[in-house]
Amino acid sequence: MTATQHAHPVVRIEDLAVRYAQGTHAVQGINLEIPAGQIVAIVGESGSGKSTLTKALIGLLPDNANTSGSIRFGGTEVTTLDLGQWREIRGAGIGLVPQDPGASLDPVQTIGSQLIEVFRLHPKRSVPKKQWRDKAIELLASVGVDRAEQRLGQYPHELSGGLKQRVLIAIAFALNPQLLIADEPTSALDVTVQRTVLEVFVSLARQKGTTVLFVTHDLAVATDIADRILVMNGGKVLEDRSVSELISASTNDYTKALLDQAYANNQRRELSENHDVVIRVKDLGKEFGRGSNAHKAVNHVSFEVARGTTFSLVGESGSGKSTTAKIIMGLLASSQGSVEVNGEDVSSISGKQRYELWRQAQLVYQNPDSALDPRQTVRAIIDEPMRNYKLGDAPWREARVNELLGQVNLAPQLAEKRSPELSGGQRQRVAIARALASGAKILVLDEALSALDVLTQEQILTLLDRLQHEQQLTYLFISHDLHVVERISHHVGVMRQGELVETGTVDQVFSNPTHEYTRTLLAANPGEKLRELEHLRRA
């Protein structure tokens, strides 16, 4: 019997609506059937309703959520289940692979104890106790974890991000659930690790015939792994199509905007001739530890960044990208070589020199939630650097805050709100405004877009492009997202194990890479089906 011939789909949703206490519908009018063995991806920007839908499916909606309509799992209505009934279903019937392995694994328990806990909590669906350890080793091996037996005694902090995510996949598959919900499970991983983890995940799901609901904001990833894609926006399902139909036949404006952003099209402004170097890195090295414990995080790295251009550093986690950026920003001292910013050596500065550097160069962090004080208003956040540098009087600074808000396309009334009241894209705009407040002309953006959905990413990229053109800003862009790097960069440096293995213009590096590692990175870039279609469109 094929998946589509089952009398009952694994999931059947009829006229589902979820409204929170504030009175707004998070999702409404959802009708959906998922047959056994199918991989369905849900894509859409932040606030589209993806997470609310999946939380309703696994009974994890907050207490202030009011639900109407029907959700049937394996023929059972789940909207009326109590906590005890849900405990029987979670893990055994419906598994979950969460987004952040760092936050989802208990840091004080070994990997083995966390795997075995699944069997202990579900004794009716489990293997005999004497087989728990062997089963845990088997699960780790099934998701490609090397030295599986040794890993049982390790703690999460001893594993890489990719290995931690594999452990979560092993836990999710432990009891062979019928349905597996994967919530942005690879969004924090670099492209090569992401590809490997996704291959393991999809292979295991196909092998076991598991039905998968894969939540992502990355349409390129969705088209690579899914049989079918749901596009959500404003709490509604706008499209429900097979991958090939979505790519070739979609007429929905929102879907087409997602597709346009996912294509590797290059919208950078043309470079004018500019030989004014504002960042010069020469033979840079950074070593941590001593003696036999010494580790070279950065090794003989050299590059230059001209004024008004964007230079991107790409590479896997641990390649030395962020360490290089921290030395440039005066947050770490170098072990060898030099870094010049506007002609001044900053590779080993401290005190007043660092204070002056930060007036010229500012860091925009990956997560604006942790970078912005939730107790301060937006106005106070942007005003703070100007007060620190004693720039102008209060009326001047107030006018400057309003000017900066306009530059980053934020409404003046948002000045009196606090960061938790803003969307992710709005918070990142505030972070950029704050970085520009002291008059800085150099921005170091460390994974500054990785927490944003693709449409919000495009809005911020367009903003950065405009600000660069209007104010001759210089960007050092750190990222593992090759789509974003190709979109924003003029020059690219590829780092591996602390070394800069390839540099060149973005067109040279992406179109004609010379190093095998660069070719490996580009081959792992998600969106193969989308690129094939773009190639056909250009032909």
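Everything numeric in this text was worked out from a predicted model, so none of it was measured.

Asks: Can you tell me about the overall build of the protein, naming the residues and giving the values?
Replies: Within the protein, the secondary structure is distributed over 22 helices and 20 strands. Its C-alpha atoms give the protein a radius of gyration of 25 Å, near enough to 24 Å, the size a compact globule of 539 residues would have. With the C-alpha coordinates of the protein rotated into their principal frame, the extents come out at 70 × 55 × 55 Å. Across the 539 residues of the protein, 53% fall into the buried class. Charged side chains in the protein number 58 positive and 63 negative. The centres of these two groups are separated by 4 Å.

Asks: Summarise helix H17 (residues 424-436); cite the residues concerned and give the values.
Replies: Here H17 contains 13 residues, and its C-alpha end-to-end distance of 19 Å stays within 8% of the 18 Å for a straight helix at 1.5 Å per residue. If you follow the buried residues of H17, they end up packed against strand E16 (361-364), helix H14 (368-371), helix H15 (378-388), helix H16 (394-407), strand E17 (442-446) and helix H18 (454-471).

Asks: Account for the pairing of strand E12 (residues 295-306), naming residues and giving values.
Replies: Pairing of strand E11 (residues 277-288) with E12 involves eight bridges; the strand directions are antiparallel. The residue bridging Lys286 from the neighbouring strand is Val298, located in E12. The antiparallel hairpin formed by E11 and E12 contains six residues in its connecting segment, where Gly289 sits at a positive phi of about 80°.

Asks: A description of the packing of H15 against H17 should follow, citing residues and the corresponding values.
Replies: Packed helix pairs are specified by the crossing angle of their axes together with the interaxial distance, meaning the distance between the axes. Interaxial distance between H15 and H17 falls to 7 Å at its minimum, and their mutual angle equals 25°. Classified by the angle between their axes, H15 and H17 sit roughly parallel to one another. When you trace H15 past H17, the crossing you get is right-handed. Contact residues: H15 offers Val378, Ile381, Ile382, Glu384 and Pro385, while H17 offers Val430, Ala433 and Arg434. Split by residue class, the contact of H15 with H17 holds six nonpolar, no polar and two charged.

Asks: Quick rundown of the environment of Leu530? Include the residues and the values.
Replies: Checked against the element boundaries, Leu530 lands in helix H22 (residues 528-538). Between the C-alpha atoms of Leu530 and Leu219, which are 311 residues apart in sequence, the distance is 9.0 Å.

Asks: Account for the sheet that holds strand E2 (residues 25-34), with residues named and values stated.
Replies: With antiparallel pairing, four strands are arranged side by side in an open sheet as E2-E1-E4-E5. Strands at the two margins of the open sheet, each flanked by one partner only, are E2 and strand E5 (76-77). The sheet contact formed by strand E1 (residues 11-19) and strand E4 (residues 66-73) spans seven bridges and is antiparallel. Following the sheet pairing, Ala17 is matched in E4 by Ser68. Running at roughly 120° to E1, helix H1 (residues 50-58) makes contact with E1, E2 and E4 of the sheet.

Asks: Describe the nonpolar core, with residues and values.
Replies: Grouped together as the largest cluster of nonpolar side chains are 59 residues, with contacts concentrated most on Leu115, Leu140, Phe201, Phe214, Leu219, Ile229 and Leu258. Those residues in contact with Phe214 that lie beyond four places of it in its chain are Val40, Ala41, Ile42, Ala182, Pro185, Leu198, Phe201, Val221 and Ile225. Core analysis: the next-biggest nonpolar cluster, separate from the first, contains 38 residues, Met386, Ile432, Leu461 and Leu473 among them.

Asks: Now, about the UniProt feature "domain: ABC transporter" (unreviewed entry) in the protein: what can you tell me, with residues and values included?
Replies: Look at the UniProt record and you will see "domain: ABC transporter" (unreviewed entry) annotated at residues 11-259 and 279-522. Across residues 279-522, the secondary structure splits into 40% helix and 26% strand, with the terminal C-alpha atoms separated by 27 Å.

Asks: Residues and numbers for the sheet that holds E12, please.
Replies: With antiparallel pairing, the four strands of this open sheet are ordered in space as E12-E11-E14-E15. Whereas interior strands pair on both sides, the edge strands pair on one side only; in this sheet they are E12 and strand E15 (344-345). Where strand E14 (residues 336-341) lies against E15, two bridges are found, and the strand directions are antiparallel. Bridging from a neighbouring strand, Glu340 pairs with Asp345 of E15. Against the sheet, helix H12 (residues 321-328) contacts E11, E12 and E14, and its axis sits at roughly 120° relative to E11.

Asks: Could you give an account of the pairing of strand E19 (residues 491-496), naming the residues involved and the relevant values?
Replies: Taken together, the four bridges between strand E13 (residues 310-314) and E19 define a ladder with parallel strand orientation. Paired with Leu313 across the two strands is Gly493, which belongs to E19. For E19 and strand E20 (residues 499-505), the ladder comprises six bridges, and the chain directions are antiparallel. Considered in E20, the bridge of Arg496 is made with Glu499.

Asks: I'd like a rundown of the pattern of salt bridges, residues and numbers included.
Replies: Applying the stated rule across the entire model yields 25 salt bridges. Of the charged contacts in the structure, one is a salt bridge between Asp373 and Arg375, with a shortest N-O distance of 3.1 Å. On the basis of relative accessibility, which here comes to 24%, the residue Asp373 falls in the partly exposed class. The class of Arg375 is exposed, set by a relative accessible area of 66%. We note a salt bridge from Lys417 to Glu421, for which the minimum N-O separation is 3.9 Å. A single salt-bridge network, built from bridges that share partners, covers Asp146, Arg147 and Arg151.

Asks: Go over the packing of aromatic side chains, please, and point to the residues and values.
Replies: A full pass over the atoms with the stated rule returns five aromatic pairs. Put simply, the rings of Phe173, Phe201 and Phe214 pair up and form one aromatic cluster. A cation over a ring is seen here: Lys286 above Phe288, with NZ or CZ 5.2 Å from the ring centre.

Asks: Let's hear about helix H5 (residues 132-142): which residues, and what values?
Replies: Regarding H5, the residues found buried are Trp132, Lys135, Ala136, Ile137, Leu139 and Leu140. In this fold, the buried residues of H5 make contact with helix H4 (111-121), helix H6 (148-151) and helix H7 (161-173). Just past H5, the residue Gly144 takes up positive phi, approximately 80°.

Asks: Please set out the side chain of Arg397 residue by residue, giving values where relevant.
Replies: One can find Arg397 in helix H16. Overall, the relative accessible area of 15% leaves Arg397 in the buried class. Among the polar contacts made by the side chain of Arg397, one reaches the side chain of Asp383 at a distance of 3.0 Å. Residues within four places of Arg397 in sequence aside, it is in contact with Asp383, Met386, Arg387, Leu391 and Gly392.

Asks: Lay out the packing of H7 against helix H8 (residues 191-208) in plain terms, naming residues and giving numbers.
Replies: The geometry of H7 relative to H8 is characterised by a closest axis approach of 10 Å and an angle of 15° between their N-to-C directions. Classified by the angle their axes make, H7 and H8 are roughly parallel. Considering how the two elements wind past one another, H7 and H8 form a crossing that is right-handed. Between H7 and H8, the residues in contact are Gly162, Gln165, Arg166, Ile169 and Phe173 and Val193, Thr196, Val197, Val200, Phe201, Leu204, Ala205 and Lys208, respectively. Taken together, the residues of the contact of H7 with H8 break down into eight nonpolar, three polar and two charged.

Conventions used here
Residue indices begin from 1 for each chain and proceed along its sequence in written order. The model is predicted, so local features are restricted to residues of pLDDT at least 70 and side-chain atom pairs to those at 80 or more, both for listing and for counting; the totals for chains, interfaces and linings are taken over all residues. Think of the side-chain values as coming from all heavy atoms in the structure, minus any hydrogens and water. Secondary structure counts use DSSP, requiring at least four H or I residues in a row for a helix and at least two E residues in a row for a strand, with both numbered from the N terminus. As defined in this context, the radius of gyration uses C-alpha atoms, and a globule is described by 2.2 Å times the residue total to the power 0.38. A simple rule labels every residue: compare its accessible area, found with a 1.4 Å probe on the protein chains alone, to the largest value its type can have, and call it buried under 20%, exposed over 50%, or partly exposed in between. Neither His nor the chain termini are counted; the positive set is Lys and Arg, and the negative set is Asp and Glu. For the purpose of locating charges, the reference atoms are NZ of Lys, CZ of Arg, CG of Asp and CD of Glu. In this scheme, a helix's expected span is set at 1.5 Å multiplied by one less than its residue total. Contacts are assigned to residue pairs that have any heavy atoms within 4.5 Å of one another. Two strands form a pair only when DSSP identifies at least two bridges running between them. Lines are fitted to the C-alpha atoms to define the axes, a helix being fitted only along its stretch in contact, and any angle between axes, read from their N-to-C directions, falls within 0 to 180 degrees. Relative orientations are named as follows: roughly parallel for angles under 35 degrees, roughly antiparallel for angles over 145 degrees, roughly perpendicular for angles from 65 to 115 degrees, and oblique for any other angle. In this scheme, a crossing is called left-handed if the near helix is turned counterclockwise away from the far one by less than a right angle; it is called right-handed if the turn is clockwise. In this classification, Asp, Glu, Lys and Arg are treated as charged, Ala, Val, Leu, Ile, Met, Phe, Trp, Tyr, Cys and Pro as nonpolar, and every other residue, Gly included, as polar. To qualify as a nonpolar core, a set must consist of buried Ala, Val, Leu, Ile, Met, Phe, Trp, Tyr and Cys residues joined through side-chain atoms within 4.5 Å. UniProt positions are given in the numbering used here, feature names are shortened, and annotations may be inferred rather than shown by experiment. Between Lys or Arg on one side and Asp or Glu on the other, a salt bridge is scored when a side-chain nitrogen of the former is within 4 Å of a carboxyl oxygen of the latter. Planes of paired rings set the category: under 30 degrees apart is stacked, over 60 is edge-to-face and the rest tilted, where pairs are Phe, Tyr or Trp rings (Trp by its six-membered ring) whose centres lie within 6.5 Å. In this analysis the charged atom, NZ for Lys or CZ for Arg, is taken to sit over a ring once it is within 6 Å of the ring centre and within 35 degrees of the ring normal. Two N or O atoms form a polar contact when they lie within 3.5 Å of each other; inside protein one atom must be a possible hydrogen donor and the other a possible acceptor, and for residues adjacent in sequence the pair counts only when both atoms belong to side chains.

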